[in-house]
Amino acid sequence: MATAAHHQPDIVTARLRLRPLRPRDAALIALHAGDRRVAAATALIPHPYPPGAAEAFIERVTAPGATERCWAIDAGEGGGNGLIGTIGLEPAGDGVAAIGYWVAPAFWNVGYASEAVEGLIAFAAGDGWRALTAEVFQDNLASAKVLTRAGFAWEGEGEGHSVARGAMVPTFRYRLDLG
C-alpha cells in the first residue's frame, strides 16, 4: 500500500480523470462543497462553507506525510479544470481503507459517482489494500446504491456526526473485500 508520501497517480476511467488535488482546485471545491445538499450528505463538510476551508483541505491532504489520499473527480477535457467532486482513501489499519466521495449536484444521476468509485476500487486493489469500507447517511440512498452496485456488502447500521447538520445521523456501513 502506497502512502500519500509516494507518487499519487492519475486514475483514468471512461469519462473521468481522478487526479491529485492542486491549489487551483480550491475555488471549485468551495463552490461545489458550499452547496447545502453536498455538505448535508457528508460527515465533515460544514455549511455554510467557510472562507479558506478549501485551501486548508487541499493543503492537509497534499502535505508531506499525509495519510489520507484524495483525488479530484475531473470531468474536464484537454487538461482544463473540470473538478466535479472529490474521492479519497483514509487508512483504517490492517490493510483496510475507508472510501469517501462527493459529487456536485449538477452532476448527479449520470453515473459519475459510480464511475469514480469503480476507478478507485481498481486502484486500491492494485495498490495492495485488502478491503475498503464506507459509511453513508441513511437518507442518502443514492450513495448507498453507488456502493452496492460497486460490490460493497451491507455490514450494519450506526450513527455518524454531520458537521453541516450539527447532529448525529443514522448511517449504513459497507465493506468490500479486495482479494
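Residues numbered from 1 in each chain as written. Predicted model: local features only at pLDDT ≥ 70, side-chain atom pairs only at ≥ 80, totals over all residues. Heavy atoms only, no water.

(A) Geometry of the packing of aromatic side chains. Enumeration according to the criterion identifies two aromatic pairs in this entry. Plain terms: the ring middles of Trp 71 and Phe 123 are 5.3 Å apart, the flat faces sit at 70° to each other, and that makes the pair edge-to-face. With Trp 71 in strand β3 (residues 69–74) and Phe 123 in helix α4 (residues 112–126), this pair connects stretches of sequence that are 52 residues apart. With a relative accessible area of 0%, Trp 71 lands in the buried category. What makes Phe 123 buried here is its relative accessible area of 14%. Its end group placed over the ring of Trp 108, Arg 37 keeps NZ or CZ at 5.8 Å from the ring centre. (Phe/Tyr/Trp six-rings, centres within 6.5 Å; stacked < 30°, edge-to-face > 60°. Helix = DSSP H or I, 4+ residues; strand = E, 2+ residues; numbered from the N terminus. Buried < 20%, exposed > 50% of the residue type's maximum accessible area, 1.4 Å probe, protein only. Lys NZ or Arg CZ within 6 Å of the ring centre and 35° of its normal.)

(B) Broad picture of the pattern of salt bridges. This model, assessed by the stated rule, comprises twelve salt bridges. In this structure, the salt-bridge partner of Asp 127 is Arg 69, at a minimum N-O distance of 3.0 Å. Note that Asp 127 is positioned in the loop between α4 and β6 (131–137) and Arg 69 in strand β3, a separation of 58 residues in sequence. In this structure, Arg 165 and Asp 139 form a salt bridge, with 2.9 Å as the shortest nitrogen-oxygen distance. With Arg 165 in the loop between β7 (153–162) and β8 (167–177) and Asp 139 in the loop between β6 and α5 (141–149), this pair connects stretches of sequence that are 26 residues apart. Looking at Asp 139, the relative accessible area reads 52%, which means it is exposed. (Salt bridge = Lys/Arg side-chain N within 4 Å of Asp/Glu carboxyl O.)

(C) Structural context of the pairing of β7. Looking at chain direction, β7 and β8 are connected through nine bridges and run antiparallel. Paired with Glu 159 across the two strands is Pro 170, which belongs to β8. The antiparallel hairpin formed by β7 and β8 contains four residues in its connecting segment, where Gly 166 sits at a positive phi of about 65°. (Pairing = 2+ DSSP bridges.)

(D) Summary view of the environment of Gly 128. Structurally, Gly 128 can be placed in the loop between α4 and β6. Of the residues examined, Gly 128 reaches a relative accessible area of 42% and is grouped as partly exposed.

(E) Geometry of the nonpolar core. Formed by 33 residues in total, the largest nonpolar core has its most connected members in Ile 87, Leu 89, Ile 99, Val 117 and Phe 152. When residues of this core are traced back to their parent elements, those giving at least two are β3, β4 (83–93), β5 (96–103), α4, β6, α5 and β8. For this core, the element with the highest residue contribution is α4, accounting for eight residues. Beyond its immediate stretch of four places on either side in the chain, Phe 152 contacts Ile 99, Val 117, Ile 121, Leu 132, Thr 133, Ala 134, Leu 147, Tyr 174, Arg 175 and Leu 176. By size, the runner-up hydrophobic cluster in this structure holds 18 residues, among which are Leu 21, Ala 54, Phe 57 and Trp 102. (Core = buried A, V, L, I, M, F, W, Y, C linked by side-chain atoms within 4.5 Å. Contact = heavy atoms within 4.5 Å.)

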